[in-house]
Amino acid sequence: MNEKIRIALVDDERLFLEGLSLLLSNNDKLEVVISSDDGNEFLERLMKISSDSFPEVALIDICMKPMDGFELVQNLKKAHPGLNIIILSSHYKNAMFGHMIRLGVSAFLPKNASQKLLVEAIEKVQKTGVFFTEQDHEMLASFVKSDSPKRYFNSAESLTEREVEVLQLICSEYTNQEIAEKLYLSKRTVESHRQRILEKIGAKNTAGLVIYAISQELFTPESKYYY
C-alpha cells in the first residue's frame, strides 16, 4: 500500500483553509499534516515537525499578511529546498509566471480550480516536481518566445551530451529511478546529473529545467504534458 502524500496548507482566509483541509483529508491518497493562516507561525511550526511527518507538498496563497506568499516561499526554499510548492491564488496572471520560475515554485493554480485538477497537480508535483495547466501552456509559450528566459538562466556553461539526455527524460516526466533504469545508471548518478544541470543553468527546480529545455529547443512537449 502506497503511503499518503503529506500536505501543508497556508492561507490567511480561515474559511478557505478549513474547507480545503477537509476536502483534501477526505482523499485517501493525501494527508494534511500542518495548516496555518500565518506565514511566520507556519515557519516556526515547521521547524518542530519530525522528518517522518514533514510535508512533501505545500499549498500556499500569495496575498497574505503580515508575510505574503512570495516572502514565505523564499524563506521555505532557503530552509527546505526539497519541499515542493504549489501556489494557490485568485491572482492568476501572466506576470506571475516569471515569479514562479524565480522562486522555484512547482505549480501555480487558481483558487477556483476543480478538486480533480488540484489533486492531479499534487500527485504530479510529488512524482515529477512540476505541473502545468492548459493556461500555463499559453503563458509558457509567450514566455519562451520573449527574451525573459535569458534573465532567469545561465548560458555560459554548456551541458554535456549525457546531461542533455537526462534533462530530456526529466522533461518527459521520468523519475530519477526511472531515468536510472532507462540509461543503465545508478539513481545516485542521475541525482548528481540533475544537480549539476540545475547549477549550470541556474534553475531552482524541475519547473525551471523544463522551461529552460523548451526555451533552448532541447525538448518539445506534447500538448498532454500540460493537462
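Up top is the structure these notes are about.
Definitions and cut-offs
- Residues numbered from 1 in each chain as written.
- Predicted model: local features only at pLDDT ≥ 70, side-chain atom pairs only at ≥ 80, totals over all residues.
- Heavy atoms only, no water.
- 1 Å grid on protein atoms, 1.4 Å probe; cavity = no way out; pocket = protein on both sides within 12 Å on 5 of 7 lines; lining within 4 Å.
- Points joined across faces, edges and corners; volume = space filled by probe spheres on them.
- Helix = DSSP H or I, 4+ residues; strand = E, 2+ residues; numbered from the N terminus.
- Nonpolar A, V, L, I, M, F, W, Y, C, P; charged D, E, K, R; others polar.
- Axes fitted to C-alpha atoms, helices over the stretch in contact; angles between N-to-C directions.
- Parallel < 35°, antiparallel > 145°, perpendicular 65-115°, else oblique.
- Left-handed = near helix turned anticlockwise from the far one by under 90°.
- Contact = heavy atoms within 4.5 Å.
- Core = buried A, V, L, I, M, F, W, Y, C linked by side-chain atoms within 4.5 Å.
- Buried < 20%, exposed > 50% of the residue type's maximum accessible area, 1.4 Å probe, protein only.

Draft legend 1. Highlighting the layout of surface pockets. Taken as a whole, the largest pocket holds about 630 Å³ of empty space. In terms of lining residues, the largest pocket is bounded by 27 residues, among which Pro81, Gly82, Asn84, Arg194 and Thr206 are the most central. Breaking the lining of the largest pocket down by element, the ones donating at least two residues are helix H5 (115-128), helix H9 (176-183), helix H10 (187-201) and helix H11 (206-215). Element by element, the count of residues in the lining of the largest pocket is highest for H10, at five residues. Within the lining of the largest pocket, the residues separate by chemical class into eight nonpolar, 12 polar and seven charged.

Draft legend 2. Representation of the packing of helix H8 (residues 161-171) against H9. Packing of H8 against H9 brings their axes to within 10 Å, and their N-to-C directions diverge by 130 degrees. Classified by the angle their axes make, H8 and H9 are oblique. The handedness of the crossing between H8 and H9 comes out as right-handed. Every residue of H9 that contacts H8 at Arg162, Glu165, Val166, Leu169 and Ile170 is listed here: Ile179, Lys182 and Leu183.

Draft legend 3. Structural view of the nonpolar core. Grouped together as the largest cluster of nonpolar side chains are 55 residues, with contacts concentrated most on Ile60, Leu72, Leu76 and Phe97. Looking at which element gives the most residues to this core, the answer is H11, with seven residues. Discounting residues that sit within four places of it in the chain, leucine 72 has contacts with Val10, Gly39, Phe42, Leu43, Ile60, Met64 and Met67. Counting residues in each nonpolar core, the second largest holds 20 residues, with Leu24, Leu109, Leu118 and Ile122 among its members.

Draft legend 4. Expanded view of unusual backbone geometry. The amide bond that connects lysine 65 to the next residue, proline 66, takes the cis arrangement and shows omega of 0 degrees. A positive phi angle is found at glutamate 173, which is not glycine, with a value near 75 degrees. Checked against the element boundaries, glutamate 173 lands in the loop between H8 and H9. The phi dihedral of tyrosine 184 is positive, around 60 degrees, even though this residue is not glycine. Mapping tyrosine 184 onto the fold places it in the loop between H9 and H10.

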